[in-house]
Amino acid sequence: MPPRAKSPPSATTRRTAAANRLWGGRFAVGSGKILKQINASIDVDRRLYAHDIAGSIAHVEMLVRRKIVSAAEGRAIARGLKRVRAEIEAGKFVFRRDLEDIHMNVEARLAALIGKPAGRLHTARSRNDQVATDFRLWVRDAAEAIDARLREFQRALLDQAGAHAAAVMPGFTHLQPAQPVTFGHHLLAYVEMAGRDRGRFADARRRANESPLGAAALAGTSFPIDRAMTAKALGFDRPMANSLDAVSDRDFALEFLAAAAICGAHLSRLAEEIVIWTAPQFGFVRLSDAWSTGSSIMPQKRNPDAAELVRAKSGRLFGALIGLLTVMKGLPLAYSKDMQEDKARVFEAADTLELCLAAAAGMIDDMTVDADAMRRAAAIGYITATDLADWLVRKVGLPFREAHHVTGRIVRLAEQRGCALDELPLAEMRKIDPRIARGVFAVLSLDKSVASRTSFGGTAPANVRRAVKAARRRYL
């Protein structure tokens, strides 16, 4: 009797084989189509490939040192991982969505290259500590990249501040003319904001610089691993002290996003000022064609689109922070799949912030300053009135509140006469307070006003020049 023909494998058998590929024997049936789609993260986390491979090389070298894996297997794994990295960097690697994430894509390719030894790589670790390690390495690098962008932004601001240390412009409160300042002084305010932004990213990097590797799924491992060795190999300061914390918290990502959001707010404020300054009603600065766009219907238009887009993109940074806080706020320890949603927000925020910083630095470098337009604007709105009040305190001996009242009456009189404060006849001022002397006119000019603001951090041109030099030493 001829042998009975074998029937083709059933659909269940085929699904079981697919299930076993990733999770072993626990699942009898593979994932459904929609679950596969929602579960796959390779389209996002492929950016972690270099960090994932670096972590794996450090891990296998430790396994060899601790005699958990043989030296021959360790060498084969390390060589295979380096080959995988070279394939990815050469654009020859095929990323497979059915393998879910970067970790399984790398491991599957490693197995295809070196065979059975590849299965030793995952000893004494989990994808939970693996992804936490990769992500911390990536955030650490991103913080350094953004610091470099911030430094270049500061350089552009300092160059313009030094060039315009004595250019008088109106300083505003409530967007109303308040007191005269210099354009250099105004730009230095953003230098200081960017300095604090750099400090926040440096702090975030420092706190992120602990290694989760070896925490395994959540409880550590029974293998005699050396977590200090892998931490040192990857440039971490130390291993994380608690295995649950190591795999389940993303505060390092949240802190990065918080720093990015604050930095974005600073850039948005500057962008708003560039929009205002370039408007013909102000005309304080002009952007070249490289940073302006036209209108499809109005040929005269010069739109500061780059500044407007920097202003708008800050919303992405705020949204990324709130989005990840929302993901994390209700999660019990330890790992939950919700945390797969962390990387897309952080990656987009880092890309967005780097682009905005490059645009901001480019616009500051490019802008042409119209100091005459600034001075004309500073002559409007009686912005040396505070100097008059201060003179009354110093020379007449009035309490400041009384001096404020007298100055207000003089301003009202100037408004009624339609003239500037320094154009008001002395006799008219003395009708309000007979103690006012001719010396008052020395403090009513714009240049005298800004030159008098010599307190530390003040707008006097000499101060601004010193501040520019000090900021170059401190930040560049």
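Residues numbered from 1 in each chain as written. Predicted model: local features only at pLDDT ≥ 70, side-chain atom pairs only at ≥ 80, totals over all residues. Heavy atoms only, no water.

1. As for the overall build of the chain
Scanning the chain for helices and strands turns up 19 helices and six strands. What you see for the chain is a C-alpha radius of gyration of 32 Å, clearly larger than the 23 Å of a compact globule of 476 residues, by over 25%. Its C-alpha atoms give the chain principal-axis dimensions of roughly 130 × 55 × 40 Å. When each of the 476 residues of the chain is scored for burial, the buried share is 46%. Long-range contacts, defined as pairs at least 24 residues apart, comprise 74% of the intrachain contacts of the chain with a sequence gap of at least 6. Only carbon and sulfur atoms are counted for the fraction: they give 54% of the accessible area of the chain, which is about 23700 Å². Taking the average place of the 72 positive charges on the side chains of the chain and the average place of its 52 negative ones, the gap between the two points comes to 4 Å. (Helix = DSSP H or I, 4+ residues; strand = E, 2+ residues; numbered from the N terminus. Rg over C-alpha atoms; globule rule 2.2 N^0.38 Å. Buried < 20%, exposed > 50% of the residue type's maximum accessible area, 1.4 Å probe, protein only. Contact = heavy atoms within 4.5 Å. Areas by Shrake-Rupley, 256 points an atom, 1.4 Å probe, with all protein chains shown as cover. Lys, Arg positive; Asp, Glu negative; His and termini not counted. Charge placed at Lys NZ, Arg CZ, Asp CG, Glu CD.)

2. Examining the environment of Lys 301
Here Lys 301 shows up in the loop between strand E5 (285-286) and helix H12 (305-328). You can call Lys 301 partly exposed: its relative accessible area is 32%. Separated by 159 residues in the primary sequence, Lys 301 and Ala 142 place their C-alpha atoms 38 Å from one another. Beyond its immediate sequence surroundings of up to four residues, Lys 301 is in contact with Thr 293, Gly 294 and Ser 295.

3. As for the pairing of strand E1 (residues 168-173)
Pairing of E1 with strand E2 (residues 176-182), which is carried by six bridges, proceeds in the antiparallel orientation. Pairing of Pro 170 across the sheet is with Pro 180, part of E2. Here E1 hands over to E2 after two residues, with His 174 in that stretch at a positive phi of 60 degrees. (Pairing = 2+ DSSP bridges.)

4. Some words on the pattern of salt bridges
Scanning the entire structure with this criterion turns up 35 salt bridges. Between Arg 96 and Asp 98 there is a salt bridge, and its shortest N-O distance comes to 2.7 Å. Put simply, Asp 390 and Arg 453 hold a salt bridge, and the shortest N to O gap is 3.5 Å. Of this pair, Asp 390 sits in helix H15 (residues 385-396) while Arg 453 sits in the loop between helix H18 (446-452) and helix H19 (461-475), and the two are 63 residues apart along the sequence. Several salt bridges share partner residues, and in doing so they unite Glu 152, Arg 155, Asp 159, Asp 365 and Arg 472 into one network. (Salt bridge = Lys/Arg side-chain N within 4 Å of Asp/Glu carboxyl O.)

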